[in-house]
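Structural description and commentary
Spelled out from the first residue to the last, the chains are:
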Amino acid sequence: MTPQPLQIAFSPCPNDTFVFDAWVHGRVTGAPDLDVTFADIDITNGMAERGEFDVLKVSYAVLPWVLDEYTLLPCGGALGRSCGPLVLSKEPGADLTGKTVAVPSERSTAYLLFRLWAADVVPGGVGEVVVLPFHEIMPAVRDGKVDAGLVIHEARFTYQNYGLHCLADMGEHWEATTGLPIPLGAIIAKRSLGTEKLQLLAESIRRSVRMAWDDPETSRPYVLAHSQEMDPAVADQHIGLYVNEFTADLGDDGYAAVRGLLTRAAAEGLVPPLGHDALRFV
């Protein structure tokens, strides 16, 4: 009997399609077949909390709620340096005390980084936080519907097109206060798959990433087909920023960054505390 394909959900963003292209298209010998669902990360976070898929790309921020059922894979995710979320405003140097800020999700890593930054930099505290779909945030700031917006990914390269100003870079703040890379998105898989299958998944991701690095042109049609009319040059910048050595292997610095983020967030009451071995792979 042919094994059922693994149910996997990840975003249509260029970094994810670049990472998974070789595997999805059967070029990773011995890798399990995949049944792919595309969904933005705020959707996949909810899927993980409901245990709906075998493998998911999620925010590191959601891990404390899902690690009983899922294990963190040591590769395939998004960590890095100089790649953090930005707080944007219409006026340069705006004071956010008591102001309304739009965010893409309250269960996102970006939101945790924002709350940790605000605790240090906005002594009076921000006002209302509203959740908007990612693509609506910059227009809402531009049109004065909110005072500021928290943005991620390719917005780093496009916010000037909306006449907006970068009020603060959450990544710069994180790196300055911790010296660690910025943990953004994680790949998780159900523990019930078993140790052997989980190890095969990790190796399949690593091989898929390396194949994309070795021959990036092969992945380009898949990347551009799902990048929502993104300029190809912006897609390349996106991949260059978010697909790096931590994608191939979290390593000691990557694990330290994840634990550091979630420990700080737990101390602020933003997430439940992690168990001692919660991040251990299989």
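Relevant structure appears above.
Reading the values: rules and limits
- Residues numbered from 1 in each chain as written.
- Predicted model: local features only at pLDDT ≥ 70, side-chain atom pairs only at ≥ 80, totals over all residues.
- Heavy atoms only, no water.
- Core = buried A, V, L, I, M, F, W, Y, C linked by side-chain atoms within 4.5 Å.
- Buried < 20%, exposed > 50% of the residue type's maximum accessible area, 1.4 Å probe, protein only.
- Helix = DSSP H or I, 4+ residues; strand = E, 2+ residues; numbered from the N terminus.
- Contact = heavy atoms within 4.5 Å.
- Phe/Tyr/Trp six-rings, centres within 6.5 Å; stacked < 30°, edge-to-face > 60°.
- Lys NZ or Arg CZ within 6 Å of the ring centre and 35° of its normal.
- Salt bridge = Lys/Arg side-chain N within 4 Å of Asp/Glu carboxyl O.
- Pairing = 2+ DSSP bridges.
- Axes fitted to C-alpha atoms, helices over the stretch in contact; angles between N-to-C directions.
- Parallel < 35°, antiparallel > 145°, perpendicular 65-115°, else oblique.
- Nonpolar A, V, L, I, M, F, W, Y, C, P; charged D, E, K, R; others polar.

Attention shifts here to the nonpolar core. Membership of the largest hydrophobic core comes to 56 residues, with the highest contact counts inside it found for Leu-56, Tyr-60, Leu-63, Phe-114 and Trp-117. Considering each element in turn, this core owes the most residues, 8 residues, to helix α4 (residues 109–121). What Trp-117 contacts, discounting residues up to four positions off in sequence, is Val-87, Leu-96, Val-122, Ala-168, Met-170 and His-173. Formed by 29 residues, the second largest nonpolar core is a distinct cluster that contains Phe-10, Trp-23, Leu-73 and Tyr-222.

Here we take up the packing of aromatic side chains. As enumerated under the stated definition, the model contains 5 aromatic pairs in all. On the basis of an interplanar angle of 90 degrees and a centroid distance of 5.4 Å, the ring pair of Phe-10 and Phe-38 is categorised as edge-to-face. Here Phe-38 lies in strand β2 (residues 34–38) and Phe-10 lies in strand β1 (residues 6–10), a separation of 28 residues in the sequence. On the basis of relative accessible area, Phe-38 is assigned to the partly exposed category, the value being 31%. Aromatic rings pair up to connect Phe-10, Phe-20, Trp-23, Phe-38 and Tyr-222 into one cluster. Positioned above the aromatic ring of Trp-65, the side-chain terminus of Arg-107 is 3.7 Å from the ring centre.

Attention now goes to the pattern of salt bridges. In the structure shown here, the tally under the stated rule is 12 salt bridges. One salt-bridge network, in which partners are shared between bridges, spans Glu-217, Arg-220 and Asp-236.

What follows is about the sheet that holds strand β8 (residues 129–131). With mixed pairing, 5 strands are arranged side by side in an open sheet as β8-β7-β9-β6-β10. Two strands close off the open sheet at either side, each with one partner strand: β8 and β10 (165–169). Averaged over all pairs of adjacent strands, the angle between strand axes in this sheet comes to 30 degrees, irrespective of strand direction. In this sheet, β10 lies alongside strand β6 (residues 86–89) in antiparallel orientation, the contact comprising 4 bridges. Pairing of Leu-88 across the sheet is with Cys-166, part of β10. Set on the sheet, helix α5 (residues 134–142) makes contact with β6, β7 (101–103) and β9 (148–151); between it and β9 the angle comes to about 150 degrees. Contacts between helix α7 (residues 170–178) and the sheet are confined to β6, β9 and β10, with β10 contributing the most and set at about 25 degrees to the helix.

Our focus in this paragraph is the packing of α7 against helix α12 (residues 251–267). At a minimum axis distance of 12 Å, the contact between α7 and α12 shows a crossing angle of 100 degrees. Accordingly, the angle class assigned to the pair α7 and α12 is roughly perpendicular. For the pair formed by α7 and α12, the contact residues are Trp-174, Thr-177 and Thr-178 on the first element and Ala-257, Gly-260, Leu-261 and Arg-264 on the second. Split into classes, the residues belonging to the contact of α7 with α12 amount to 3 nonpolar, 3 polar and 1 charged.

Among the 5 residues in strand β3 (residues 55–59), 5 count as buried, and that is most of the element. Sheet topology note: the β3/strand β11 (residues 182–190) ladder contains 5 bridges and is antiparallel. Residue pairing for β11: Lys-57 is matched across the bridge by Ile-187.

What follows is about the packing of helix α9 (residues 216–225) against helix α10 (residues 232–242). Taken N-terminus to C-terminus, the directions of α9 and α10 make an angle of 110 degrees; their axes are 11 Å apart at the nearest point. Classed by the angle they form, the pair α9 and α10 counts as roughly perpendicular. Contacts between α9 and α10 involve Arg-220, Val-223 and Leu-224 from the former and Pro-232, Ala-235, Asp-236 and Ile-239 from the latter. Classifying every residue of the contact of α9 with α10 by side-chain character gives 5 nonpolar, no polar and 2 charged.

None of this, on its own, says anything about what the molecule does.
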